[in-house]
Amino acid sequence: MAQKGVQLDQETFSCSICLDLLKDPVTTPCGHSYCMNCIKSHWDGEDCKYIYSCPQCRKTFTPRPVLLKNTMLAVLVEELKKTGLQAAPADHCYAGAEDVACDVCTGKRLKAHKSCLQCLASFCEKHLQLHYESAPYKKHKLVEPSKKLQENVCSRHDEVMKMFCRTDQQLICYICLIEEHKGHDTVSTAAERTERQKKLEGSRQNIQQRIQDREKDVKLLQQQAEAINLCADKAVEDSEKIFTELIRLLEKRSSDVKQQVRCQQKSEVSRVKELQEKLEQEITELKRKDAELKKLSHTEDHNQFLHNYPSLPPLSQSTSSIHIHPLSCFEDVTAAVSEVRDKLQDVLREKWTNVSLTGTEVEVSLPQPEPTTRADFLKYSREITLDANTAHKRLLLSEGNRKATLMSQQQSYSSHPDIFTDWWQVLSRESLTGRCYWEVERRGGVYVAVAYKNISRAGMLDECGFGRNDKSWALDCYSNIYTFWYNKVQTRVSGPESSRVGVYLDHSAGILSFYSVSETMNLLHRVQTTFTQPLYAGLRVYYIYGYSGASAEFPTLFFRSRRNASRILPNTTSEQTPRLPELYWLIRKYYKPK
């Protein structure tokens with residue numbers, strides 16, 4: 001109780017401006033006491049020179065009160081100092097180097113309790129009271145203390161940035177809105193935050209779904225490990241009973257079979273455990289990413305949320321599949337040993353008959369990560385050439401049938417059942433399965449497509465045009481305008497302008513992705529489906545008003561391995577073949593497509 005009384009005295013004799021013991025205390029007409037220098041400095045700094053207010057109760061005085069030293073308070077403060085007590089708050093209340101300090105406190109500043117996005121200042125609990133008590137201040141947005149409030153201020157106009165320019169992807173103030181960002185697509189930061197929050201939640205849902213899928217896979221692997229152990233134990237038990245009947249002649253054989261079963265058991269369980277650990281590591285990483293996204297989603301400051309909003313590449317589609325085969329290998333051991341016992345007892349005295357295990361691995365295909373850099377994509381590069389038997393007669397094929405140019409006159413191609421008669425289209429000679437990557441260098445209007453072999457060839461109907469049916473997928477490219485087509489449904493796609501488009505195909509996983517290729521790979525559109533037939537690369541070239549010479553070409557890419565280089569340069573061995581950077585100019589010099 002005595003300690004509580006001392007604390008009350010400390011607070012009573014403290015100046016509410018500097019938060020220290022009163023020095024030359026004076027009392028205002030409203031009854032509040034301050035250090036003489038503190039209240040003078042406060043009034044000297046007020047904007048209005050004719051009306052003065054009390055910092056605590058906000059009562060105003062006109063004219064400026066004449067302040068005299070409060071002798072009684074001064075004596076009491078001196079007595080308090082002699083006791084060795086301190087009127088300042090505990091040390092842990094003061095702001096340290098890592099803390100956000102109150103912007104109102106003078107001298108040694110207290111830790112901030114909240115930051116105000118309108119005032120662009122941080123306040124301790126005492127100086128924050130005005131935001132709770134005054135009606136105008138109650139409308140201000142309070143957030144957790146932040147040292148980054150000035151990042152919310154426009155560097156050009158010194159105004160709070162409350163707008164977001166979607167055209168330039170940056171925060172702006174209202175003055176920016178009517179000046180250099182006039183006519184741009186702009187929204188409030190709150191609206192942009194809401195839209196991106198939805199995308200963030202979508203990413204979290206994908207991660208959580210992936211976690212659930214991985215947990216199911218782990219459980220399946222655990223069950224498989226238990227089944228392996230049970231089957232292996234039963235095989236060992238049966239084998240021991242059979243070999244016991246053969247007494248001494250079969251004792252060595254029994255030991256051999258037991259060792260083989262245990263070895264296979266260990267190998268199978270080890271493989272399953274290894275796969276299980278990989279899946280558990282992936283689950284841990286997914287949970288960590290989910291926690292980071294969750295933390296970001298709870299950020300109260302819209303601007304900070306947008307500053308820290310991650311540019312995450314889309315999650316790759318999970319292609320994990322676990323195929324469990326019956327553990328018949330252990331049962332085969334029992335059958336083989338029984339046959340030895342029944343039919344080969346005499347032969348075993350002279351000759352050993354092999355009783356071998358034919359192990360069946362647990363087939364688990366873990367998801368293969370999609371490429372992210374151009375170097376990763378080029379590992380799956382394919383050489384694409386065009387099939388002249390499919391080319392419309394207005395298309396001129398050149399550069400070894402890797403380039404198609406739209407001409408004003410028909411070419412002298414022989415008639416063929418596979419030719420496109422009305423659409424200015426052409427298909428590749430090569431069928432595409434597995435993982436493939438190729439690029440298209442375009443000039444003018446070009447459809448970059450893939451299609452099944454049995455797509456219709458005659459007529460202007462939707463059955464023939466790339467993207468107008470369920471047998472083809474196409475990206476319409478013109479300048480920086482992209483439109484994806486499938487089964488007569490078009491989807492507008494945004495992306496940077498580039499003359500080169502990259503296409504990535506994972507046939508078994510059902511993934512088809514289109515990229516704008518420059519110094520970086522920018523995803524334009526991604527398809528997740530099930531392909532039922534091999535695909536063929538396709539091109540459609542069309543006229544644009546005021547633009548002639550529209551064309552599309554499959555450029556030569558770096559080759560993926562020395563083996564491919566040896567095939568193209570037959571006079572060099574794999575040891576003599578230069579590495580990829582030096583190889584490119586050799587290929588261009590010596591390799592002439594037929």
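Cut-off values and rules
Residues numbered from 1 in each chain as written. Predicted model: local features only at pLDDT ≥ 70, side-chain atom pairs only at ≥ 80, totals over all residues. Heavy atoms only, no water. Helix = DSSP H or I, 4+ residues; strand = E, 2+ residues; numbered from the N terminus. Buried < 20%, exposed > 50% of the residue type's maximum accessible area, 1.4 Å probe, protein only. Areas by Shrake-Rupley, 256 points an atom, 1.4 Å probe, with all protein chains shown as cover. Polar contact = N/O pair within 3.5 Å; in protein donor to acceptor, adjacent residues only side chain to side chain. Contact = heavy atoms within 4.5 Å. Pairing = 2+ DSSP bridges. Axes fitted to C-alpha atoms, helices over the stretch in contact; angles between N-to-C directions. Salt bridge = Lys/Arg side-chain N within 4 Å of Asp/Glu carboxyl O. Phe/Tyr/Trp six-rings, centres within 6.5 Å; stacked < 30°, edge-to-face > 60°. Expected span 1.5 Å × (residues − 1). Arc of directions from axis to C-beta.

Identification of the chain as Tripartite motif-containing protein 16-like from Sander lucioperca is taken from an unreviewed UniProt entry.

Colleague: Would you mind going over the overall build of the chain with me for this structure?
Modeller: Helix and strand counts for the chain stand at 13 helices and 25 strands. Taking all 594 residues of the chain together, 42% fall into the buried category. Accessible surface, the chain as shown: approximately 33,700 Å² in total, 50% of it carbon and sulfur.

Colleague: Got a minute to help me understand the side chain of H392 in this structure?
Modeller: One can find H392 in the loop between α11 (374–378) and β13 (395–398). When its relative accessible area of 6% is taken as the criterion, H392 is described as buried. From its side chain, H392 meets the backbone nitrogen of R394 in a polar contact 3.0 Å long. With near-sequence residues (within four places) excluded, H392 lies in contact with Y413, I419, F420, T421, D422, W423, W424 and Q425.

Colleague: Help me understand the pairing of β13 in this model?
Modeller: Remark: a regular strand shows side chains that alternate across the two faces of the sheet. Only one face of β13 is buried: it carries L395 and L397, and the other face, with L396 and S398, is open. Hairpin connection, β13 to strand β14 (residues 403–406): the antiparallel pair is bridged by four residues, and E399 has positive phi, about 50°.

Colleague: What exactly am I supposed to notice about the sheet that holds β13 here?
Modeller: Hydrogen bonds along the backbone pair up the strands of a sheet, which may run parallel or antiparallel. Taken together, the seven strands give an open sheet; going across it, the order is β13-β14-β25-β16-β21-β22-β23, and neighbouring strands pair in antiparallel fashion. Across the chains shown, the open sheet's two edge strands, defined by having one partner strand only, are β13 and β23 (521–528). Strand-to-strand, the axes of this sheet are offset by a mean angle of 20°, without reference to chain direction.

Colleague: Would you mind going over the pattern of salt bridges with me for this structure?
Modeller: Once their charged atoms are close, side chains differing in charge can pair, the charge on each being opposite to the other. A complete count under the given rule lists 25 salt bridges for this structure. Between R64 and D44 there is a salt bridge, with the nearest N and O atoms lying 2.9 Å from each other. Here D44 lies in helix α2 (residues 36–44) and R64 lies in the loop between β4 (60–61) and α3 (71–82), a separation of 20 residues in the sequence. Between E180 and R156 there is a salt bridge, with the nearest N and O atoms lying 2.9 Å from each other. Here R156 lies in the loop between β7 (142–143) and β8 (163–165) and E180 lies in the loop between α6 (174–178) and β10 (186–188), a separation of 24 residues in the sequence. Assessed through its relative accessible area of 32%, E180 is described here as partly exposed. Judged by relative accessible area, which is 58%, R156 ranks as exposed.

Colleague: Is there a simple way to think about the sheet that holds strand β5 (residues 114–116) in this case?
Modeller: Judged by pairing direction, the sheet is antiparallel, and its three strands sit side by side in the order β6-β5-β7 without closing on themselves. Two strands close off the open sheet at either side, each with one partner strand: β6 (121–123) and β7. In this structure, β5 lies alongside β7, joined through two bridges in antiparallel fashion. Within β7, the position partnered with S115 by the bridge is V143.

Colleague: When you look at the packing of aromatic side chains in this model, what are you seeing that I'm missing?
Modeller: Two numbers describe a pair of aromatic rings. These are the distance of the centres and the angle of the planes. Overall, the coordinates contain 12 aromatic pairs when judged by the stated rule. Where W43 meets Y52, the ring centres are 5.9 Å apart and the plane angle is 55°; that geometry is what we call tilted. Across the pair, Y52 and W43 agree in class, each one buried. Cluster of aromatic residues (ring-pair linked, three or more members): F377, Y380, Y437, Y504 and Y515.

Colleague: Honestly, the pairing of strand β18 (residues 472–478) in this entry has me stumped. Any pointers?
Modeller: Counting buried positions over the seven residues of β18 gives six, a clear majority of the element. Judged from the six bridges that link them, strand β17 (residues 445–452) and β18 form a sheet pairing that is antiparallel. Along β18, the bridge assignment pairs A451 with S472. Here β18 runs beside strand β19 (residues 481–486); their pairing, made up of six bridges, is antiparallel. Within the sheet, the bridge partner assigned to D476 lies in β19 and is T483. Count of turn residues in the β18/β19 antiparallel hairpin: two residues, of which S479 carries a positive phi of about 55°.

Colleague: Looking at this structure, I do not really get the side chain of S551. What am I missing?
Modeller: Along the polypeptide, S551 turns up in strand β25 (residues 551–553). The residues contacting S551, other than those within four sequence positions of it, are K403, A404, T405, E441, R442, R443, V446 and V541.

Colleague: How should I be thinking about the environment of Q264 in this particular structure?
Modeller: Looking at the element boundaries, Q264 is found in helix α8 (residues 247–297). On a C-alpha basis, the gap between Q264 and A232 in space is 8.6 Å, while along the polypeptide they are 32 residues apart.

Colleague: Explain α3 to me, please; I cannot follow it from the model alone.
Modeller: Quick reminder: α-helices carry 3.6 residues per turn. Residues three or four places apart thus point the same way. With 12 residues, α3 ought to run about 16 Å at 1.5 Å a step, and its terminal C-alpha atoms sit 17 Å apart, in line with that. Within the sequence span of α3, burial applies to L73, A74, V77 and L80. Taken down its axis, α3 places every buried residue within 120° of arc, on the same side. In α3, the exposed positions that point more than 90 degrees away from the buried face belong to T71, M72 and K82. One side-chain oxygen of the residue at the start of α3 lies 3.3 Å from the amide nitrogen of M72, identifying that residue as N70.

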